[in-house]
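Here is how the chains run, residue by residue.
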Amino acid sequence: MDFQALLDGIDAELRPQLGREGRVATYIPALARVPTAQFGIALRTCAGEEAAAGDSAVPFSIQSVSKLFTLTLAMRLLGDALWERINREPSGNPFNSLLQLESEQGVARNPFINAGAIAVGDRLLTALGADAKAGLLRMMSGLAGEAIDFDAEVAASEAATGYRNVALGNFMKSFGKIDNDVAAVLDFYFHQCALRMSCRQLAKAAGYLCRDGAHPSGGAGPVVSESQARRLNALMLTCGTYDAAGEFAYRIGLPCKSGVGGGIVAVVPDRLTLCVWSPAVDDSGNSVLGTRALELFASRSGLSIF
Ligand code: GLN
């Protein structure tokens, strides 16, 4: 398959639609300033072949795409003990909702909504202590094959305005489901959301998900086991795009993880990993043109798990 021609065709078709639909996530002031008229797409096959088009080398705030990587790190460090405080069911609610936490005694529905990711961060802080943020950066840089860093301005912007996340953290703490100081857990969470990466870097970094857990650069040991990689993909499909997960499975049919920065990582198991980015998002927090790009990719390539 000529992947470069496929991505060029998607870029050419979507570029005229830039800036028409959706809007940037204004509730995080630093994200409100990102110009909307940008679109990037990149993929990397299991064999290491790469293709990219548009603004694929422009770094952006990966936001909730980071939940995929912190979950990966936590599964690696903690194994099944991780699931004592986090469920694995789709929430059907917005990513920052407090609703289910009350009736479910502070146990988050899944690791890809904010409550679940904050609970994962708590476990990582317990496991890694003061090294947690540096440990995450080391993992991301190793996966991407180049230095990855936090965007300090975005992290500070989230810390200054993340009232709902503060509420989620404190609410879970009141149920005894958070071990560490809530402020420290939120500091880790705001930094993971503020990771800055490009489509190309993310397509490479997520490569273990299409390779049964093997490291994207081949030489290093496995990132996760084969069964853990399978489970990460299952969680992406059922919970990776918040309350639009059903619609994503219907329209695209690939495990995906999105973020309000407009990035979406998708996996074609045993074939490739893909990342799309365009900053304007819909009401669920998923990139409008990114979603459309993935839909075009799945229909034109015939690559879907269904
Ligand atoms: N940092 C964002 C928040 O906590 C992440 C949400 C997202 O990308 N959906 O609200």
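From a predicted model like this one, the values you see are computed outputs, not experimental measurements.

Reading the values: the criteria
- Counting from 1, residues in each chain are numbered in the order their sequence is written.
- It should be noted that, the model being predicted, local features are given only for residues of pLDDT at least 70 and side-chain atom pairs only at 80 or more, the latter also being counted only at that level, while totals for whole chains, interfaces and linings use all residues.
- Values shown for side chains rest on all heavy atoms present in the structure; no hydrogens or waters enter the calculation.
- A pair of strands counts as paired when DSSP detects no fewer than two bridges linking them.
- Helix and strand definitions here come from DSSP, where helices need a minimum of 4 consecutive H or I residues and strands a minimum of 2 consecutive E residues; each element is numbered from the N-terminal end.
- Here, residues are in contact when the closest pair of their heavy atoms is within 4.5 Å.
- The angle between two axes is taken between their N-to-C directions and runs from 0 to 180 degrees, where each axis is a line fitted to C-alpha atoms and a helix contributes only its stretch in contact.
- To be near a molecule or strand, a residue needs just one of its heavy atoms within 4 Å of it.
- N or O atoms closer than or at 3.5 Å make up a polar contact, with two conditions inside protein: a donor-capable atom paired with an acceptor-capable one, and, for residues adjacent in sequence, both atoms drawn from side chains.
- Residue exposure ignores everything except the shown protein chains as possible cover, and the areas themselves are Shrake-Rupley values with a 1.4 Å probe.
- Each residue gets one of three labels, nonpolar for Ala, Val, Leu, Ile, Met, Phe, Trp, Tyr, Cys and Pro, charged for Asp, Glu, Lys and Arg, and polar for the others, Gly among them.
- Each angle gets one of four labels, with under 35 degrees taken as roughly parallel, over 145 as roughly antiparallel, 65 to 115 as roughly perpendicular, and the rest as oblique.
- By convention the crossing between two helices is left-handed if the near helix lies anticlockwise of the far one by an angle smaller than a right angle, and right-handed if it lies clockwise.
- Among the buried residues, those of types Ala, Val, Leu, Ile, Met, Phe, Trp, Tyr and Cys that are joined through side-chain atoms within 4.5 Å form a nonpolar core.
- Relative accessibility decides the category of a residue: with a 1.4 Å probe and only protein chains considered, values under 20% of the type maximum give buried, values over 50% give exposed, and everything between is partly exposed.
- The salt bridge definition used is simple: a Lys or Arg side-chain nitrogen within 4 Å of an Asp or Glu carboxyl oxygen.

### Structural notes on the sheet that holds strand β3 (residues 60–61)
An order of β3-β5-β4 is seen for the three strands of this open sheet, with the pairing classed as antiparallel. One side of each edge strand has no neighbouring strand; the edge strands of this open sheet are β3 and β4 (149–150). Here β3 runs beside strand β5 (residues 195–197); their pairing, made up of two bridges, is antiparallel. Residue pairing for β5: S61 is matched across the bridge by R196. Together, β3, β4 and β5 form the strand contacts of helix α9 (residues 182–193), whose direction differs from that of β5 by roughly 10°.

### Observations regarding the site of the ligand
Close contacts around the ligand come from 13 residues, with Y27, Q63, S64, Y189 and Y242 the closest. Contacts to the ligand include S64, whose side-chain N or O atom sits 2.7 Å from an oxygen atom. Residue E158 places a side-chain N or O atom 2.7 Å away from a nitrogen atom belonging to the ligand. For the ligand, whose accessible area on its own is 300 Å², the fraction buried by protein is 100%. Across the shell around the ligand, the residue classes break down as seven nonpolar, five polar and one charged.

### Here's the deal with the packing of helix α3 (residues 66–78) against α9
Remark: α3 packs on α9, axes separated minimally by 9 Å, with the N-to-C direction vectors making an angle of 125°. The orientation of α3 with respect to α9, classified from their angle, is oblique. α9 is crossed by α3, and the crossing has right-handed handedness. Two secondary-structure elements touch here, α3 through S66, K67 and T70 and α9 through F188, Y189, Q192 and C193.

### Considering the nonpolar core
Residues L68, F69, L71, L202 and Y208 are the most contacted members of the largest nonpolar core, which totals 64 residues. Excluding its chain neighbours within four sequence positions, the residues that come into contact with L202 are F60, I62, V65, F69, M197, V265 and C275. I41, A53, A293 and L294 belong to the second-largest nonpolar core, a separate cluster that totals 29 residues.

### Remarks on the sheet that holds strand β8 (residues 272–277)
An order of β2-β1-β8-β7-β6 is seen for the five strands of this open sheet, with the pairing classed as antiparallel. With partners counted over all chains shown, the strands left at the sheet margins are β2 (50–54) and β6 (256–258), one partner each. On average, each strand axis in the sheet is inclined to that of its neighbour by 10°, with strand direction left out of account. Relative to β8, strand β1 (residues 40–45) runs antiparallel, the two being bridged by six bridges. Looking at β8, one finds that R44 is bridged to T273. Docked against the sheet, helix α1 (residues 3–14) engages β1, β2 and β8, running at close to 15° with respect to β2.

### Details of the pattern of salt bridges
Throughout the structure, instances matching the rule amount to 13 salt bridges. One salt bridge in this structure joins R300 and E13, with 2.4 Å as the shortest N-O distance. In this pair, R300 sits in helix α13 (residues 288–301) while E13 sits in helix α1, placing the two residues 287 residues apart along the sequence. For R300, a relative accessible area of 43% puts it in the partly exposed group. Residue classification places E13 among the partly exposed residues on the basis of a relative accessible area of 36%. Note that E104 and R109 form a salt bridge whose closest N and O atoms lie 2.8 Å from each other.

### Topic: the environment of N233
One can find N233 in helix α11 (residues 226–239). N233 gets classed as buried once you look at its relative accessible area, which sits at 9%. Taking the C-alpha atoms as reference points, N233 and K257, separated by 24 residues in sequence, lie 9.5 Å from one another. If sequence neighbours within four positions are ignored, N233 has contacts with L209, P255 and V267.

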